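# Notes for the structure review
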Amino acid sequence: MIRDLLARAGLVLTAALTATLALAGPAAAHGADAPDGTDYRTEVTEVTPARPGLSVRAVEAGARLELTNTDDRDVEVLGYSGEPYLRVGPDGVYENVRSPATYLNRTIAGDTRLPAEVDPAAAPQWRRVDDSSTARWHDQRALWRESGPPPQVRAAPDREHRVRDWVVPLRAGAEPMEIRGTLDWVPPPDAYAWWVVTTLGLLAVGALGLLPAGSVPGGRALAGLGGLLVLGGLAAVTFTVGRELDAGARGPGGLLTGLLGGQVWALLTGLGAIAAGVFALARRPAADFALALAGACLALFAGVANAAVFARGVAPVPWSGTAARILVAAVLIAGAGATAAGALRLHATSRHPTPTPAPTPDSPAHP
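A quick note: this is a predicted structure, and the numbers were derived from the prediction, not measured. (Residues numbered from 1 in each chain as written. Predicted model: local features only at pLDDT ≥ 70, side-chain atom pairs only at ≥ 80, totals over all residues. Heavy atoms only, no water.)

### Some details on the packing of helix 6 (residues 216-246) against helix 9 (residues 287-303)
The interhelical angle for the contact between helix 6 and helix 9, taken along N-to-C directions, is 25°, at an axis separation of 11 Å. As the angle between them shows, helix 6 and helix 9 are arranged roughly parallel. As helix 6 runs across helix 9, the sense of the crossing is left-handed. Of helix 9, the residues touching helix 6 (which contributes L222, L225, G226, L229, G232, G233 and A236) are A287, D288, L291, A294, G295, L298 and A302. (Axes fitted to C-alpha atoms, helices over the stretch in contact; angles between N-to-C directions. Helix = DSSP H or I, 4+ residues; strand = E, 2+ residues; numbered from the N terminus. Parallel < 35°, antiparallel > 145°, perpendicular 65-115°, else oblique. Left-handed = near helix turned anticlockwise from the far one by under 90°. Contact = heavy atoms within 4.5 Å.)

Written out as structure tokens, the structure is:
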């Protein structure tokens, strides 16, 4: 029976990995090349002059700028040569196919090949790309694109530094406008320390699986593992929702669309871990198997997939980097720890199965 359960677990994990690879294209299209973390903090400080219905913010850990214009007049974002690049207004979002920025801003590296028809001095040729009032784009003026850090960072990498103030020009009709912001270096954390704490935590949780499953301490350990897995699942769901909010999701509908389009596996494994934890708290049959399988999925899809925050100063969530690292550590500790504990309990059960009482002479015969 144990071998059958382990075989099923392997099939489930294989199917999940296959589906993840199959969905990698759509997920990447949703989040583009949004980073899992960075050491450069991009912030929008003001839009001058301010006007009703116009707002700008940095999203995706600062990788993109997001402009929303709900006014009845169009606003144009100007490209690197001062040419019209984007137009956002009541009719939707348009890009100028003659602007170099239209192609350079498609990736965070700015390495898209420019087509022959590009000419920033030519009259704009607009192409509609979205029917909403919001545009998101990479902007090289708000990013650090060099391979190495700035000189002041190389001199003192353990301190926060202002890299530069940046400006993105706008135009509303004939009125010039500007988006102003800052780009700062944020020292990365000590990733080694976070991994040591996480490893010690998951080993401590996994050690609960050494307690005999049929004993009173073993029963309490099962309930404790269930509670920890519920907490790990909640941490995974919280982090996943935070990633979508940081990516620019607005309202329940936008959040749900983003979760299903770009973070579906992290969300599902978080919810699955909560369900498995409740299952273990109730001490239901096959709870050990549920702990091992749900914990492995949680650690893989919601923990390891987000572990880059251990080595980056700015996390892709709307909270502090420390809060993000605590959430990911909780996911890894609960997920990997529950996997180890569940596997140990399953192994002990397979080696020492509960004996079946022998029939007594007075026992009724069974066919």
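### Considerations on the side chain of R141
Mapped onto the secondary structure, R141 falls in the loop between strand 8 (134-137) and helix 4 (151-155). Here the side chain of R141 touches D139 through a polar contact of 2.8 Å, side chain to side chain. In contact with R141, not counting residues within four places along its chain, are L78, G79, Y80, R164, W166, V167, V168 and P169. (Polar contact = N/O pair within 3.5 Å; in protein donor to acceptor, adjacent residues only side chain to side chain.)

### Considerations on the pairing of strand 4 (residues 75-78)
Here strand 4 shows two buried faces, one formed by V75 and V77 and the other by E76 and L78. Taken together, the four bridges between strand 4 and strand 5 (residues 84-89) define a ladder with antiparallel strand orientation. When the sheet's bridge partners are listed, E76 is paired in strand 5 with R87. Between strand 4 and strand 5, which pair antiparallel one after the other, the connecting turn spans five residues, and G82 there sits at a positive phi close to 80°. Judged from the two bridges that link them, strand 4 and strand 9 (residues 161-172) form a sheet pairing that is antiparallel. Paired with V77 across the two strands is L170, which belongs to strand 9. (Buried < 20%, exposed > 50% of the residue type's maximum accessible area, 1.4 Å probe, protein only. Pairing = 2+ DSSP bridges.)

### A short note on the environment of G62
Counting through the fold element by element, G62 comes out in the loop between strand 2 (54-59) and strand 3 (64-69). Its relative accessible area of 9% is what places G62 among the buried residues. Filtering out sequence-adjacent residues up to four positions away, G62 remains in contact with T42 and L143.

### A look at the sheet that holds strand 7 (residues 126-130)
Reading across from one edge, 1-10-9-4-5-6-7 is the order of the seven strands in this open sheet, with antiparallel pairing throughout. Unpaired on one side and paired on the other, strand 1 (40-48) and strand 7 mark the two borders of the sheet. For this sheet, the mean inter-axis angle between neighbouring strands, taken without regard to orientation, is 30°. Here strand 5 runs beside strand 6 (residues 92-96); their pairing, made up of four bridges, is antiparallel. The residue bridging L86 from the neighbouring strand is E95, located in strand 6.

### Structural notes on the sheet that holds strand 3
Here we have three strands laid out as an open sheet, ordered 2-3-8, and antiparallel in their pairing. The open sheet is flanked by strand 2 and strand 8, the only strands paired with a single partner. Neighbour-to-neighbour, the strand axes of the sheet open up by a mean angle of 15°, direction not taken into account. Where strand 3 lies against strand 8, four bridges are found, and the strand directions are antiparallel. Residue pairing for strand 8: L65 is matched across the bridge by W137.

### What to know about the packing of aromatic side chains
Inspection of every chain in the model, using the stated rule, returns six aromatic pairs. Each ring, one from Y40 and one from W185, has its centre 5.4 Å from the other, and the planes form 70°; the classification is edge-to-face. Residue Y40 is located in strand 1, and its partner W185 is located in strand 10 (residues 175-185); the two are separated by 145 residues in the primary sequence. Summarising the burial analysis for this pair, Y40 and W185 share the class buried. On the basis of an interplanar angle of 80° and a centroid distance of 6.5 Å, the ring pair of Y85 and W137 is categorised as edge-to-face. Of the two residues, Y85 sits in strand 5 while W137 sits in strand 8, which places them 52 residues apart along the sequence. Each of the two residues, Y85 as well as W137, counts as buried. Aromatic ring contacts, followed pair by pair, group Y40, W144 and W185 into a single cluster. Between the NZ or CZ atom of R87 and the centre of the ring of W126, over which it lies, the distance is 5.0 Å. (Phe/Tyr/Trp six-rings, centres within 6.5 Å; stacked < 30°, edge-to-face > 60°. Lys NZ or Arg CZ within 6 Å of the ring centre and 35° of its normal.)

### What about the confidence of the model for the protein?
Across the protein, the average pLDDT comes to 87, with 86% of residues at 70 or higher. Of the regions scoring below 50 in pLDDT, residues 5-31 engages in 25 contacts with residues more than four places distant in sequence or in other chains. (pLDDT = per-residue confidence, 0-100.)

### Notes on the pattern of salt bridges
Under the definition given, this model contains 19 salt bridges. With a closest N to O distance of 2.5 Å, R41 and E160 form a salt bridge. Of the two residues, R41 sits in strand 1 while E160 sits in the loop between helix 4 and strand 9, which places them 119 residues apart along the sequence. Linking R180 and E178 is a salt bridge whose minimum nitrogen-to-oxygen distance equals 2.7 Å. With a relative accessible area of 33%, R180 lands in the partly exposed category. Here the salt bridges do not stand alone but share partners, grouping R41, E43, E160, R162, D165 and D184 into one network. (Salt bridge = Lys/Arg side-chain N within 4 Å of Asp/Glu carboxyl O.)

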